[in-house]
Amino acid sequence: MIEVEGVSRRYGRHLALDDVSFRLGAGSVIGLLGANGAGKSTLLRIIAGALEPSQGCVRICGRDTVTERCAAQAQVGYLPETAPSYRELRVSEYLTYRAALKGLARGLRSAAVERVLAVAHLEEVAAIRIEQLSRGFCQRVGMADVLLCEPSVLLLDEPTAGLDPNQSRELRELLRELGRTHTVVFSSHVLPEIQAVCGQVLLLERGKLVLAGALRELQESAATSGSSEACASTCSVLLRLRDPERRAATLLAALDGVSGIALVEDTGEELQLRLQLARSRSVDQQLEQLSLKLIGAGIGLREVRRETLELDDLFSRLSPPQEAPK
Amino acid sequence: MSGFVATLRRELWSFWTSPAAFVSLTLFLLVQGFAFAAVTTAAAQHPELAELGLLTTYLGQSLFVPAGLLLLCPVLTMRLLAEERRSGTLELLLSAPVSTLSLVLGKLSAAWLNYAAFWLPTLVFPWLVGEGEQGGALLLVSYVTVLALGAMLLALGTLLSAVGRTPMLAAFLSGTSILTIVLLGVGEQVFEPGPVTAVCHHLSLQAQLSEGARGHLSLATLLLDASVVVFCCFLTVRVIDSWRRE
């Protein structure tokens, strides 16, 4: 659906994106993370065809965003960071104009506008000038605009900025729903939001793509390896046990797939162990086996927990604070 | 095509729903009304002007018409692209699946229609003094000249709106350019006859208006105006496309 190959972008001497490559398929919600100035907005603008890459190419549904710009852009709905709009127009007028600009046939425009007004909960303000709306409503107008021609790719730059918590929750639900049929890429600084909605993340650090993959795997692998490698070979599991005879470590070491055992805490009455399980086998099956083994040996199994790194920890580990540019 | 029509309609709608449009129209008509009244008064005192015809004197001899162009064209074009850039809506246009040329033509056409709408009420002037019924062809040629000149200056203004980063800067650049053209036209009277005066004559707004107001429609002049429009549109498209690479 989206193919980004070796994309670099310079603004004068400043390298905003450096050899970024990834591919995204249909039906997923992808979070684009990165500190300010990491290149998130530049990347979204390049995918939307509003900017040309200095090097590399972007294809949307197989169409190049430079050589087949209009065909590629017809597949994309793009919401810029500040959700700009023509503030002198009424909401319905603005959306009708945008539908016309995107090439929607005259007979289909009013139905499309009504549909997106309903989706974005804007029916009550349809006849109001955009300049009279709050920032949250303006954001929703931008969201309605994005959905107008039912594009297969949605690019949203900080879509929840300016929304109240209820509106943010509604938008998250909408994104989740859209993610079943569309490719949704959205950037946000609100990490719980990414965590709540996205199945995959892309992390940009000073213009470089340092992380890409399924969110859960990334969190688990980062917790395990403490590195930025996207595909660590093991999964970290924490066990809390009642094991007065201290037999658990020996039993677990004999199991297939256990590549490491470390003592986390020993309170005398309770023991905490961290296991490294091989990803080459099903982690769920390994957890079942080790639980049966421990219980069968009369060891009190109080907790089994896969360790994942919270996204904000992951973010701060992989994207350390930057020095102000000189 | 959809981009052209959508842009044209949006520009017209945005312009005519703003109070600024009606304030500008009122001021423009006041100035032109004053100019025509001044011509009428002068013709009462100078019979040679009355012989020439009031419409010919008003459109061809009065300095108020070039002055009107100098003020009107920057006002009509200053926001076309500079305002899109300033307000951030440019990103919406650049990410829309439409050709840059259709955007530029849509905006220029809207400005030209607005320009025509400003001149439209002045058609009443010849009728007020009884010249309307006699000189239909003269009226037509005079106003075709005004519209052709307008297209040229508006295309220049559209280009400068793309170059200027703010509407005020665009208006300043456009106003300065038109003033330069007006002053080049003055060169026709200043220099000795020769190639320089020939160039000044071709570029002179006053000369074009004067010829048109006498009922002479020169193909060379129309071609010059059309060439400037095409060249300015070409450059404007190039400037906008360069924004994608900036």
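Residues numbered from 1 in each chain as written. Chains lettered and ligands numbered in written order. Predicted model: local features only at pLDDT ≥ 70, side-chain atom pairs only at ≥ 80, totals over all residues.

**What to know about the overall build of chain A**
Inference 1: Helix and strand content of chain A: 11 helices and 14 strands.
Inference 2: Here chain A, with 326 residues, has 43% of them falling under the buried criterion.
Inference 3: Sequence-distant contacts in chain A: of pairs separated by 6 or more residues, those separated by 24 or more amount to 65%. (Helix = DSSP H or I, 4+ residues; strand = E, 2+ residues; numbered from the N terminus. Buried ≥ 20, exposed ≤ 12 C-beta atoms within 10 Å, placed from the backbone. Contact = placed C-beta atoms within 7 Å.)

**Describing the overall build of chain B**
Inference 1: A tally of helices and strands in chain B yields 14 helices and 0 strands.
Inference 2: For chain B, the spread of C-alpha atoms along the three principal axes comes to 60 × 45 × 30 Å.
Inference 3: The burial tally for chain B puts 40% of its 246 residues in the buried class.
Inference 4: Relative to all contacts within chain B whose residues are 6 or more apart in sequence, the contacts with residues 24 or more apart total 76%.

**Description of the interface of chain B and chain A**
Inference 1: On the chain A side, the residues contacting the 21 residues of chain B number 21 residues.
Inference 2: The greatest single-element share of the side of chain B that touches chain A, amounting to 6 residues, is contributed by helix H1 (residues 2-16) of chain B.
Inference 3: For the side of chain B that touches chain A, the residue count by class is 7 nonpolar, 10 polar and 4 charged. (Nonpolar A, V, L, I, M, F, W, Y, C, P; charged D, E, K, R; others polar.)

**Quick notes on the environment of Glu84 of chain B**
Residues and elements named next belong to chain B.
Inference 1: Looking at the secondary structure, you find Glu84 in helix H6 (residues 82-87).
Inference 2: Along the primary structure Glu84 and Ala162 are separated by 78 residues, whereas in three dimensions their C-alpha atoms are 9.4 Å apart.
Inference 3: Ignoring sequence-local partners within four residues, the contact set of Glu84 consists of Thr89, Leu90 and Leu93.

**Things to note about unusual backbone geometry**
Inference 1: Look at Asp19 of chain A: it is not a glycine, yet its phi comes out positive at around 50°.
Inference 2: As for its position among the elements, Asp19 of chain A is in strand S2 (residues 14-24).

**Quick word on the pairing of strand S12 (residues 258-266) of chain A**
All names here are of chain A.
Inference 1: The buried count for S12 comes to 0 of 9 residues, which makes it a mostly uncovered element.
Inference 2: As paired strands, S12 and strand S13 (residues 271-278) are joined by 7 bridges and run antiparallel to one another. Counted as the bridge partner of Val258 is Leu277 from S13.
Inference 3: Hairpin geometry of S12 and S13 is characterised by an intervening segment of 4 residues between the two adjacent antiparallel strands and by a positive phi of about 95° at Gly268. (Pairing = 2+ DSSP bridges.)

**Here's the deal with the sheet that holds strand S1 (residues 2-11) of chain A**
All names here are of chain A.
Inference 1: Across the sheet, 4 strands lie side by side as S2-S1-S4-S5; this open sheet has antiparallel pairing. Because the sheet does not close on itself, it has two edges, and the strands there are S2 and strand S5 (63-64).
Inference 2: In terms of strand pairing, S1 meets S2 through 7 bridges, oriented antiparallel. Following the sheet pairing, Glu3 is matched in S2 by Arg23.

**Let's talk about the nonpolar core**
Inference 1: Val116, Ala144, Leu155 and Val201 of chain A together with Leu154 and Ala155 of chain B are the most contacted members of the largest nonpolar core, which totals 127 residues.
Inference 2: For this core, the leading source of residues is helix H10 (residues 136-163) of chain B, giving 12 residues.
Inference 3: Setting aside residues no more than four positions away along its own chain, Leu154 of chain B makes contact with Cys73, Leu76, Thr77, Leu108, Ala111, Trp112 and Tyr115 of chain B.
Inference 4: Grouped together as the second largest cluster of nonpolar side chains are 11 residues, Leu239, Ala248, Leu277 and Leu290 of chain A included. (Core = buried A, V, L, I, M, F, W, Y, C linked by C-beta atoms within 7 Å.)

**Focus on the confidence of the model for chain B**
Close inspection of predicted coordinates is inappropriate for parts of the model with low pLDDT.
Residues and elements named next belong to chain B.
Inference 1: Of the residues in chain B, 98% reach a pLDDT of 70 or more, and the chain-wide mean stands at 88.
Inference 2: Per-residue pLDDT, averaged within each element of chain B, yields its smallest value for helix H3 (residues 47-52) (73) and its largest for helix H8 (residues 100-119) (96).
Inference 3: Reported for the predicted complex are a pTM of 0.80 and an ipTM of 0.85. (pLDDT = per-residue confidence, 0-100.)

**Here's the deal with the pairing of strand S4 (residues 55-60) of chain A**
Inference 1: Judged from the 5 bridges that link them, S1 of chain A and S4 of chain A form a sheet pairing that is antiparallel. By the bridge assignment for S4 of chain A, Ile2 of chain A is matched with Ile60 of chain A.

**Description of helix H5 (residues 135-147) of chain A**
Residue and element names in this part refer to chain A.
Inference 1: Between the first and last C-alpha of H5 there are 19 Å, a value that for 13 residues agrees with the 18 Å anticipated at 1.5 Å per step.
Inference 2: The element H5 is largely enclosed, with a buried count of 10 among its 13 residues.
Inference 3: Here H5 has its buried residues at Phe137, Gln139, Arg140, Val141, Gly142, Met143, Ala144, Asp145, Val146 and Leu147.
Inference 4: Residues of H5 that are buried in the fold lie against strand S6 (76-79), helix H3 (91-101), helix H4 (106-119) and strand S7 (153-157). (Expected span 1.5 Å × (residues − 1).)

**Considering the sheet that holds S6 of chain A**
All names here are of chain A.
Inference 1: If you walk across this open sheet you meet the 6 strands as S6-S7-S8-S3-S9-S10, and the pairing is mixed. The outermost strands of the open sheet, each flanked by one partner alone, are S6 and strand S10 (208-214). Ignoring which end each strand starts from, the neighbouring axes of this sheet average 15° apart.
Inference 2: Judged from the 6 bridges that link them, strand S9 (residues 200-205) and S10 form a sheet pairing that is antiparallel. Following the sheet pairing, Leu202 is matched in S10 by Ala212. (Axes fitted to C-alpha atoms, helices over the stretch in contact; angles between N-to-C directions.)

**Considering helix H14 (residues 219-243) of chain B**
Inference 1: In this model, H14 of chain B (25 residues) spans 36 Å end to end at C-alpha, consistent with the 36 Å of a helix rising 1.5 Å per residue.
Inference 2: The inward-facing, buried residues of H14 of chain B abut H8 and H10 of chain B.

**Quick look at the environment of Thr181 of chain A**
Residues and elements named next belong to chain A.
Inference 1: You can see Thr181 is positioned in the loop between helix H6 (165-178) and strand S8 (183-187).
Inference 2: Of the residues examined, Thr181 has 11 C-beta atoms within 10 Å and is grouped as exposed.
Inference 3: Taking the C-alpha atoms as reference, Thr181 lies 31 Å from Cys235; in sequence the two are 54 residues apart.

**As for the confidence of the model for chain A**
Inference 1: Averaged over all residues, the pLDDT of chain A equals 84, while 89% of them reach at least 70.
Inference 2: Ignoring residues within four places in sequence, the model shows residues 226-231 of chain A, a span with pLDDT below 50, making 10 contacts including any to other chains.

**What to know about the environment of Gly257 of chain A**
Inference 1: Within the element layout of this structure, Gly257 of chain A appears in the loop between helix H9 (248-253) and S12.
Inference 2: Not counting residues up to four positions away in its chain, the partners in contact with Gly257 of chain A are Leu277, Ala278, Arg281 and Gln286 of chain A.

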